[in-house]
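Observations on the model geometry
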Amino acid sequence: MSDDHHEEDRPEFDPQNVDLPAKEPPLRSTAPQSDFTMSQVSTGTVVALVGLALTFGIAFALV
């Protein structure tokens, strides 16, 4: 395996001279912070209900 850490892109760490980065990190959006539409909520609910119905329906049918 090769070592892909790109050491040439990183300066050596100097504990005596701790500088903050020159630019801010990029903004990112993660799923829990995103807004959901009612259509997406409805679709998720239907998928969850169908999954539960299949899971418990098959289990009860086999007992």
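Look a little higher up for the structure.
What counts as what
Residues numbered from 1 in each chain as written. Predicted model: local features only at pLDDT ≥ 70, side-chain atom pairs only at ≥ 80, totals over all residues. Heavy atoms only, no water. Helix = DSSP H or I, 4+ residues; strand = E, 2+ residues; numbered from the N terminus. Buried < 20%, exposed > 50% of the residue type's maximum accessible area, 1.4 Å probe, protein only. Areas by Shrake-Rupley, 256 points an atom, 1.4 Å probe, with all protein chains shown as cover. Patch = residues over 30% accessible without salt bridge, like charges linked within 9 Å, V, L, I, M, F, W, Y side chains within 5 Å. Salt bridge = Lys/Arg side-chain N within 4 Å of Asp/Glu carboxyl O.

1. Here's the deal with the overall build of the chain
Summing up its helical and strand segments, the chain has one helix and zero strands in all. Scored against the burial criterion, the 63 residues of the chain give a buried share of 0%. With an accessible surface of roughly 6,800 Å², the chain has 62% of that area assigned to carbon and sulfur atoms.

2. A look at a nonpolar patch on the surface
Where nonpolar side chains cluster on the molecular surface, the patch consists of Val46, Val50, Leu54, Ile58 and Leu62 and spans about 510 Å² of accessible area. Position of Ile58 among the secondary structure elements: in helix H1 (residues 38-62).

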